[in-house]
Amino acid sequence: MIERRLWHPVVLADQVRDAPLAVRLLGEDLVLWRDEASAVHAWADRCPHRGAQLSLGRVVACEGGATLECPYHGWRFEAGGRCTRVPALPDFVPPATHRTTVHEAREAHGLVWVRLEAAEAGDEAPPAFAAEADPRLRKLNCGPYEVETSAPRLVENFLDMAHFGFVHEGWLGAREMAAIDDYRVEPTPRGLLATGCKAWQPQSTVHSTAPAQVEYSYEVMDPYAAVLTKVPEAASVGIDGYREAIALYICPVDPERSRVWFRFATADFERDDAALRAFQDTIFLQDKPVLESQRPRRLPLDLRAELHTVADKASSLYRRHLKTRGITFGVC
Ligand code: FES
Ligand code: CO
């Protein structure tokens, strides 16, 4: 399953503190914990001794470095996963085969990312967008939002402008202004790029004072990650010339259950974090009931399964991309 070789976000980095933390990714239970150097580790949440959940255990400082102690018989495992101590046999030196199942974990964009299998092509990083590298822009994560649908349905909703006038009426659109101008869409190695996407929006950001015609580009950076970038225009961005962006990062928890974050790169330096998050909460809580109502929850990759118009060409290309890429999780 190619999804196992991709990086996925699982939790906000600052949520992983002194205690081990249970998360779920691609239908698998994982435990996250931090060692004495603050490095994050992601293991299968199952003790190799008798299968107890390691996330119920504790992090213990030891001479050779921090260990994770199983809640059941107290076996301890060092950062690399190897068992260092079996309390029932104090003199026993565990062989190298006594170890947990270890995955790769990394921090990026304020999130912990995990991949379940190493990629053959080497060390690809978690997906990042261009505005991330602009130090002038303020970065802020909103979420997580727990959603009862597949990750690909969420990506498609993010690419979809035709719902603005209905789901986000009065905010991102108006039903009498729902027409979608033609836009361009092209495949990229990791997804797709849609440019020239225009929308008329009454309240496109928390600081909008008047309706504006906004122009976006959308990029799918990975099967479950996308970013919208605003074309600089005084009416739609905080400060003229800044390329503000919002990334969608999704943890595919189960085939029909996802955890979502939005990462803002914004030129708004006035509102506090709570105000920016409240705006995004409002927008996403408008999407959520509709998203959870879609059937099937898994995205159909057979283009004959649902109806498409030319206004949906970004989503049609996304489905073709997932199929070509061999994605099987969250699709049907
Ligand atoms: Fe973990 Fe026994 S089940 S130490
Ligand atoms: Co929406």
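In this text the structure is predicted, and so the values were computed from the model without any measurement.

About the criteria used
- Residues numbered from 1 in each chain as written.
- Chains lettered and ligands numbered in written order.
- Predicted model: local features only at pLDDT ≥ 70, side-chain atom pairs only at ≥ 80, totals over all residues.
- Heavy atoms only, no water.
- Donors = N, O, S within 2.8 Å, 3.2 Å for Na, K, Ca; no water.
- Tetrahedral: all angles 85-135°; square planar, octahedral: opposite > 155°, others 65-115°.
- Helix = DSSP H or I, 4+ residues; strand = E, 2+ residues; numbered from the N terminus.
- Buried < 20%, exposed > 50% of the residue type's maximum accessible area, 1.4 Å probe, protein only.
- Axes fitted to C-alpha atoms, helices over the stretch in contact; angles between N-to-C directions.
- Parallel < 35°, antiparallel > 145°, perpendicular 65-115°, else oblique.
- Left-handed = near helix turned anticlockwise from the far one by under 90°.
- Contact = heavy atoms within 4.5 Å.
- Nonpolar A, V, L, I, M, F, W, Y, C, P; charged D, E, K, R; others polar.
- Expected span 1.5 Å × (residues − 1).
- Pairing = 2+ DSSP bridges.
- Salt bridge = Lys/Arg side-chain N within 4 Å of Asp/Glu carboxyl O.

**Q** Please clarify how the coordination of the cobalt ion (ligand 2) should be interpreted in this entry.
**A** Metal coordination angles have textbook ideals: 109.5 degrees for a tetrahedral set of four donors and 90 or 180 degrees for an octahedral set of six. Protein coordination of the cobalt ion (ligand 2) is provided by His163 (NE2), His168 (NE2), Asp287 (OD) and Asp287 (OD), with donor distances spanning 2.0 to 2.6 Å. What the 4 donor atoms of the cobalt ion (ligand 2) show is an angle range of 56 to 154° at the metal, which sorts the shape as irregular. Sequence spacing of the donor residues for the cobalt ion (ligand 2), all on one chain, is H-x4-H-x118-D. Within this pair, whereas His163 is found in the loop between helix H1 (151-159) and helix H2 (164-167), its partner Asp287 is found in helix H3 (residues 273-293), the two being separated by 124 residues in sequence. Residue His163 shares its accessibility class with Asp287, and that shared class is buried.

**Q** Looking at this structure, I do not really get the packing of H1 against helix H4 (residues 313-325). What am I missing?
**A** In a packed pair of helices, the relevant descriptors are the angle between the two axes and the axis-to-axis distance. Interaxial distance between H1 and H4 falls to 9 Å at its minimum, and their mutual angle equals 150°. Classified by the angle their axes make, H1 and H4 are roughly antiparallel. Once H1 is placed against H4, the crossing between them reads as right-handed. Contact residues: Pro152, Arg153, Val155, Glu156 and Leu159 in H1; Ala314, Ser315, Tyr318, Arg319 and Leu322 in H4. Split by residue class, the contact of H1 with H4 holds 6 nonpolar, 1 polar and 3 charged.

**Q** Please explain H3 as it appears in this structure.
**A** Three- or four-residue spacings in an α-helix give side chains the same orientation, since the helix completes a turn every 3.6 residues. Taking 1.5 Å as the rise per residue, H3 with 21 residues should run 30 Å; its terminal C-alpha atoms sit 30 Å apart, in good agreement. Listed in full, the buried residues belonging to H3 are Leu276, Phe279, Gln280, Ile283, Phe284, Asp287, Leu291 and Glu292. Where H3 is buried, its residues touch strand E11 (138-147), H1, H2 and strand E17 (257-266).

**Q** Help me out: how do you make sense of the pairing of E17 in this one?
**A** Regular strands have side chains that alternate between both faces of the sheet. Taking burial as the measure, the 10 residues of E17 include 8 buried ones, the bulk of the element. Looking at chain direction, E11 and E17 are connected through 8 bridges and run antiparallel. Paired with Asn141 across the strands is Arg263, a residue of E17. Note: strand E16 (residues 245-254) against E17, 9 bridges, orientation antiparallel. Within E17, the residue paired with Tyr249 across the bridge is Trp261.

**Q** What should I look at first to understand the pattern of salt bridges in this one?
**A** Side chains that carry opposite charge are capable of pairing whenever their charged atoms lie near each other. Applying the stated criterion across every chain, the model contains 25 salt bridges. Glu306 is paired through a salt bridge with Arg153; the nearest N and O atoms lie 2.9 Å apart. Remark: Arg153 occurs in helix H1 and Glu306 occurs in the loop between H3 and H4; sequence separation between them is 153 residues. A salt bridge links Asp182 to Lys313; the shortest N-O distance between them is 2.8 Å. Separated by 131 residues along the polypeptide, Asp182 in the loop between H2 and strand E12 (184-188) and Lys313 in helix H4 bring together distant segments of the chain. Through salt bridges with shared partners, a single network forms among Arg24, Asp29, Asp254 and Arg257.

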